[in-house]
Amino acid sequence: MNDKAPSSKPVGATADWSNLWQSMAESSNRIVEAWSGSIAPFMMSRASEKAAGEVNDLSAAIERMAQGPQLADVWDFDRKVALAFGAWIDLRARLASYNAVTSAPWTEASRRFLEAVSKDKAEGTGTPDWRDMFAKWAEISNQELIKNQRTDAFLKAQKELLQAALQYRSRQTEVTDAISALFDLPTRRDLDEVTRQLTELRREVRALRREKEQSKGQP
Amino acid sequence: MSDSENQAARFAREIAANAEKVFKATQLIANTRDEEVKVGTTPKHLVMRRDKVELFRYEPLAQQTVSTPVLVAYGLIGRYTMADLQPDRSLVRSLLNKGLDLWLIDWGQPGRNERWLTIDDYVDDYIDAAVDRIRKETGHDRVTLLGICEGGVFTVCYAALHPEKVKNLVITITPIDFHADVNDKAAHHGFINLWTRSLDPADIDKLVETFGVLPGEFMSSVFSMMTPMRSLTKYNVDLIDVVDDEDKFMNFLRMEKWLADRPHHPGEAAKQWLKELYQDNRLIDGSFELSGRKVDLRSITAPVLNVYALDDHIIPPDCSRALGGKIGSDDYTEIPLPGGHVGLFVSSKSQGKLSQSIADWLVARE
């Protein structure tokens with residue numbers, strides 16, 4: 001970066017402001033290029049997979065242990081808690097993978113934004129207004145985030161996160177059902193069964209009523 | 001002071017002013033009571049209640065120009081208040097001002113107790129009961145149905161299964177071909193279609209088995225994801241633009257109130273919606289069944305008006321347009337309007353266009 005601005009460029013505080021943007025753009029571009037060209041993304045990816053792999057191993061070990069044969073005289077509440085814990089570990093791993101996928105577009109958005117700022121600067125479009133700058137940043141980021149959402153990697157990570165969250169929730173329910181049973185309280189499943197019967201009964205009553213009304217209308 | 005110094009001073013002033021505005025916005029939000037933020041205020045009275053479902057009749061606001069009663073049916077994702085957000089942004093108020101006899105079926109707040117309700121129940125029981133009641137109250141043999149989004153699918157199914165009770169069918173922002181999003185080139189259109197197809201049918205079963213419903217909060221998060229930057233900026237940067245204008249600020253809060261009011265979708269109906277329609281696309285191919293009967297679009301003999309939004313990111317236009325040529329009626333009209341899925345109903349720009357299009361079309365068929 002030149003210390004002295006050319007005479008055609010703005011002077012004083014505006015020049016400082018303008019040069020600051022230019023400097024930021026150039027520095028950031030260098031950082032992005034260095035990052036992209038280095039082995040860092042590969043290492044980050046491997047590290048993420050390794051971490052996920054380790055917690056998956058732990059989760060699988062708990063699953064194997066808890067899915068052993070049920071013994072008649074051994075209370076299996078501990079087994080239910082262990083399974084819920086295993087599901088929680090798996091959920092954390094899926095969340096980490098999801099976060100890795102969703103953070104990717106921000107790098108590209110930054111690169112594109114700084115490129116656009118540099119271009120404006122080179123074309124001498126003047127000191128940027130914060131509103132214009134923010135609108136540009138929001139537009140580029142929105143495009144990159146939406147583009148990312150349509151990738152197979154995102155859809156896979158999101159699906160696996162959903163599956164893990166549902167598994168964790170259902171394991172939690174098994175624990176709370178066991179506690180409810182201990183205190184002789186109805187479980188959510190009991191209530192679901194009641195509402196199922198109620199819904200079916202209501203349908204039958206209404207169908208009978210319709211039949212009756214139709215038969216009344218006939219000669 | 002030189003130009004450059006002026007600009008630097010202006011920049012500093014803007015930063016300070018924005019910080020002050022964000023602070024003011026937080027104070028305004030803190031000092032506003034929820035009861036002051038009113039939505040769905042157009043006067044109406046309760047006519048019938050069936051389980052949690054309620055049938056309302058709106059009070060007339062003008063001399064009647066169309067005598068056939070019009071039943072408004074919203075979907076189970078979100079509430080009907082989108083069509084009556086505030087007096088100057090209200091489809092129902094505009095239609096009443098044009099002399100329509102307007103009725104509303106409100107699904108209420110389904111919860112886990114409604115887990116076992118199916119689309120069959122909504123179409124063949126709740127809508128059918130409402131239509132029969134309207135016929136009885138007004139003396140009309142047939143009614144006009146006005147469906148919105150998922151409610152549009154319900155009314156399409158009803159018109160196909162009960163054509164003898166339907167005089168006209170008006171659908172707005174309604175998906176018919178759930179796979180037509182693949183034709184849409186706009187990247188921000190059709191994420192829900194893509195996302196739903198990325199899931200295994202067993203994932204949807206598990207979701208419903210786990211929660212008993214398709215949770216409203218879950219759908220809210222999917223919708224937020226579709227407009228990522230808007231979701232990140234609406235409680236901070238965007239407030240700067242509305243904080244000094246009370247009308248705009250209250251509009252923002254009313255919109256937030258509508259967004260927050262997102263009931264759970266009954267579980268079994270959600271399975272049909274996501275698996276049979278979004279994944280298997282059964283409505284368009286004629287294999288979708290309700291109460292043991294196939295929904296054959298060719299059985300729709302009433303005149304049909306199909307209104308869709310050109311920038312609808314939730315229901316891409318091609319998904320709606322697919323109805324053309326598939327029905328049994330020759331009287332089919334499409335009206336594309338500028339705007340998005342929600343903007344069609346609530347934006348200041350679209351006010352008047354939607355209601356005028358519907359009223360003109362109905363008057364011509366009275």
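Refer to the structure above for everything that follows.
Owing to the predicted nature of the structure, the values given are computational and were not obtained by experimental measurement.

Q: Sorry if this is basic, but what is going on with the overall build of chain A here?
A: Regarding its fold elements, chain A presents 6 helices and 0 strands. Reading chain A from its N end, one meets helices and strands in the order α-α-α-α-α-α. The proportion of buried residues among the 219 residues of chain A is 17%. Across chain A, the fraction of contacts at a sequence separation of at least 24, relative to all contacts at a separation of at least 6, is 75%.

Q: How should the packing of helix H6 (residues 201-211) of chain B against helix H11 (residues 267-279) of chain B be read in this particular structure?
A: Helix-helix packing: each pair is described by the crossing angle between the helix axes and the interaxial distance. All names here are of chain B. It is at 9 Å that the axes of H6 and H11 come closest, and there the two elements cross at 165 degrees. The angle between H6 and H11 falls in the class roughly antiparallel. At the point where H6 passes H11, the crossing takes the right-handed sense. The segment H6 lies against H11, with Pro 201, Ile 204, Asp 205 and Val 208 engaging Gly 267, Ala 270, Lys 271, Leu 274, Lys 275 and Gln 279. Per-class residue counts for the contact of H6 with H11 are 5 nonpolar, 2 polar and 3 charged.

Q: Explain the packing of helix H3 (residues 77-122) of chain A against helix H4 (residues 130-149) of chain A here, please?
A: All names here are of chain A. It is at 9 Å that the axes of H3 and H4 come closest, and there the two elements cross at 145 degrees. Where H3 crosses over H4, the two elements pack in a sense that is right-handed. Seen from H3, the contacting residues are Ala 104, Pro 105, Glu 108, Ala 109, Arg 112, Phe 113 and Ala 116; seen from H4, they are Lys 136, Trp 137, Ile 140, Ser 141, Glu 144, Leu 145, Lys 147 and Asn 148. Of the residues belonging to the contact of H3 with H4, the class tally is 8 nonpolar, 2 polar and 5 charged.

Q: Please clarify how the nonpolar core should be interpreted in this entry.
A: Counting residues in hydrophobic clusters, the biggest one holds 99 residues, and the most contacted among them are B:Leu71, B:Val72, B:Leu102, B:Ile127, B:Leu145 and B:Cys157. Ignoring any residue separated from it by four or fewer positions in sequence, one finds B:Val72 in contact with B:Tyr80, B:Ala83, B:Val92, B:Leu102, B:Trp103, B:Leu104 and B:Leu146.

Q: Looking at this structure, I do not really get the sheet that holds strand S3 (residues 66-73) of chain B. What am I missing?
A: In a beta sheet, neighbouring strands are held together by backbone hydrogen bonds and run either parallel or antiparallel to one another. Residues and elements named next belong to chain B. Read from one edge of the open sheet, 8 strands run S1-S2-S6-S3-S7-S8-S13-S14, paired in mixed fashion. Of all the strands in the sheet, the pair left with one neighbour each is strand S1 (44-50) and strand S14 (332-337). Adjacent strand axes in the sheet meet at a mean angle of 20 degrees, parallel and antiparallel pairs treated alike. Relative to strand S6 (residues 100-106), strand S2 (residues 53-58) is paired through 4 bridges, and the arrangement is antiparallel. In the strand pairing of S6, Phe 56 is matched with Leu 104. Contacting S3, strand S7 (143-148) and strand S8 (166-172), helix H4 (residues 150-161) runs over the sheet at an angle of about 145 degrees to S7.

Q: What's the story with helix H5 (residues 191-198) of chain B in this structure? I'm lost.
A: An α-helical turn contains 3.6 residues, so a residue and the one three or four places further along point in the same direction. Where H5(B) is concerned, the buried positions are B:Phe191, B:Ile192, B:Asn193 and B:Trp195. Contacts made by the buried residues of H5(B) are with H4 and helix H5 (152-182) of chain A together with helix H7 (216-226) and H11 of chain B.

Q: Would you take a moment to explain the pairing of S8(B) for this structure?
A: A regular strand places its side chains so that they alternate between the two faces of the sheet. Residues and elements named next belong to chain B. Here S8 lies mainly inside the structure; 6 of its 7 residues are buried. Two elements, S7 and S8, share 6 bridges in a ladder whose sense is parallel. When the sheet's bridge partners are listed, Leu 145 is paired in S8 with Leu 169.

Q: What am I meant to see in helix H10 (residues 246-260) of chain B here?
A: All names here are of chain B. Look at H10: 21 Å from first C-alpha to last across 15 residues, which is about the 21 Å you get at 1.5 Å a residue. If you check which residues of H10 are buried, you get Phe 252, Arg 254 and Trp 258. Projected onto a plane normal to the axis of H10, the buried residues spread over an arc of 165 degrees and lie on a single side. Across H10 from its buried face, at more than 90 degrees, point the exposed residues Glu 246 and Ala 260.

What counts and how
- Residues numbered from 1 in each chain as written.
- Chains lettered and ligands numbered in written order.
- Predicted model: local features only at pLDDT ≥ 70, side-chain atom pairs only at ≥ 80, totals over all residues.
- Helix = DSSP H or I, 4+ residues; strand = E, 2+ residues; numbered from the N terminus.
- Buried ≥ 20, exposed ≤ 12 C-beta atoms within 10 Å, placed from the backbone.
- Contact = placed C-beta atoms within 7 Å.
- Axes fitted to C-alpha atoms, helices over the stretch in contact; angles between N-to-C directions.
- Parallel < 35°, antiparallel > 145°, perpendicular 65-115°, else oblique.
- Left-handed = near helix turned anticlockwise from the far one by under 90°.
- Nonpolar A, V, L, I, M, F, W, Y, C, P; charged D, E, K, R; others polar.
- Core = buried A, V, L, I, M, F, W, Y, C linked by C-beta atoms within 7 Å.
- Pairing = 2+ DSSP bridges.
- Expected span 1.5 Å × (residues − 1).
- Arc of directions from axis to C-beta.

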